[in-house]
Amino acid sequence: MGKNISSEERLAKNRAKKQVKTTKKNLRTMSKNGKSHKARSVRRVMKYGAVGFARNIWLSIASTLVMTITIAIILITFMASAVLSSTATTLEEKIDVTIFLKPGTSSQTLQQMSNLLMEDRNVRQVVASTSEDVFNKFVEENKDDEVLMKALEDEEMNALMVAAMQATLRVKLYDLDDTEKVKEIVDGSKLFAENLDPDYPPTYDTNRTEIDTINTWADVANKTGWVLSGVFIFISVLVIFNTIRMAIFSRREEIYMMRLVGADRYFITAPFVIESQISGMLAGLIATTAVYFGYKAIAPALKDYGVDISKISDIAETQKLVLVFVGACLIGMLIGAISAELAIKKYLSRKKKK
């Protein structure tokens, strides 16, 4: 009797093991089929989205064009802000306070005055130039003027020119807005009072105007660019919203049939999102390409006018440009997806009310 029970128990255990194996096998098969089904579903959704884009080609072109303008404005705003800010910073580094001294001021006197100025913590550097240094710089800057160079071959003329050149102290500051301490040193020192050129006052505020003007333009360009970007983003959303609504309306019978055969919300609505994202991706590619070639066309002229384009060149002429293309496409696809979702939500909410 005990042996029979033991045998039955073994049989039961074997059957149980077989059932477990079968169950695991079935689960693995179901998992594979489920993944395969999802992959097929995604492929079909992308295919239907591309077909829908081609089917409504004129509306798709219109929405792509509006988004292209939007993304181009966003890119130009970034570029203008970077270029103007960089130019202002470059000018700040070049601009200094120039103190004009009487011709013939000795290098020893210049050094003493430089030491006084360096007592101000806001002073970064003082460049002293004697009359001879200023004359030599003048000759170097005008070496292509044959008439002037021939006239300067006369030693007497050279001597007269050197005697007429003011010595200078060029003071570079950390903060160009803070010149009070430098003024106090210059106005309160007997050494400066004896050697200052009375006809040429120090340039405390003269050069600041250029920087303030550039900073103002940078601020205006930045604000104007973002306002325009906002306006065109709104227009893009509106255009795509209406494009998707018209596409949904034209395919309402197809959607109805899909619902009858049990298609879920994702399978019905995702093609419309893909359709709008195709417009966004194309807009990103077109906008970035147009802005890139536009920049390459005007870059030489900007350089000639002294505009600092180093930050933009660092992106446009390196592999970082790929990131710009990707970012522009993602912006376009995001705008398209949001617009499509709004249109779909609007359509579905109306269907529920009915």
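This structure is a prediction, so every number in the text was calculated from the model and none was measured.

A.B. asks: Help me understand the layout of surface pockets in this model?
C.D. replies: One way to see where empty space is left: roll a probe the size of a water molecule over the atoms. Empty space within the largest pocket amounts to approximately 370 Å³. Taken together, 18 residues form the lining of the largest pocket, with Leu75, Phe78, Met79, Ile315 and Val324 sitting closest to its centre. Top element by residues in the lining of the largest pocket is helix α2 (residues 57-94). It accounts for six residues. Per-class residue counts for the lining of the largest pocket are 16 nonpolar, two polar and no charged.

A.B. asks: Explain the sheet that holds strand β3 (residues 167-173) here, please?
C.D. replies: Strand pairing in a sheet relies on backbone hydrogen bonds. The paired strands run either parallel or antiparallel. Reading across the sheet, the three strands line up as β1-β3-β2 and stay open at both edges, with antiparallel pairing between neighbours. The strands lining the two open edges of the sheet, one partner per strand, are β1 (97-101) and β2 (123-129). Neighbouring strand axes in the sheet, compared pairwise and without regard to direction, differ in orientation by 15° on average. Sheet strands in contact with helix α4 (residues 131-141) are β2 and β3, and its direction is about 85° off that of β2.

A.B. asks: I tried to follow the pattern of salt bridges on my own but got confused; where do I start?
C.D. replies: Side-chain pairs of opposite charge can arise where the charged atoms are in close proximity. The final tally for this structure, using the stated rule, is two salt bridges. Here Glu317 and Lys296 are joined by a salt bridge, their closest N and O atoms 3.9 Å apart. One end of the pair, Glu317, is in the loop between α12 (310-316) and α13 (320-353); the other, Lys296, is in helix α11 (residues 265-304), and 21 residues separate them in sequence. With a relative accessible area of 54%, Glu317 lands in the exposed category. Between Asp314 and Lys320 there is a salt bridge, and its shortest N-O distance comes to 2.8 Å. Given a relative accessible area of 37%, Asp314 falls into the partly exposed group. Taking the relative accessible area as the measure of exposure, Lys320 reaches 41% and is therefore partly exposed.

Criteria and thresholds
- Residues numbered from 1 in each chain as written.
- Predicted model: local features only at pLDDT ≥ 70, side-chain atom pairs only at ≥ 80, totals over all residues.
- Heavy atoms only, no water.
- 1 Å grid on protein atoms, 1.4 Å probe; cavity = no way out; pocket = protein on both sides within 12 Å on 5 of 7 lines; lining within 4 Å.
- Points joined across faces, edges and corners; volume = space filled by probe spheres on them.
- Helix = DSSP H or I, 4+ residues; strand = E, 2+ residues; numbered from the N terminus.
- Nonpolar A, V, L, I, M, F, W, Y, C, P; charged D, E, K, R; others polar.
- Pairing = 2+ DSSP bridges.
- Axes fitted to C-alpha atoms, helices over the stretch in contact; angles between N-to-C directions.
- Contact = heavy atoms within 4.5 Å.
- Salt bridge = Lys/Arg side-chain N within 4 Å of Asp/Glu carboxyl O.
- Buried < 20%, exposed > 50% of the residue type's maximum accessible area, 1.4 Å probe, protein only.

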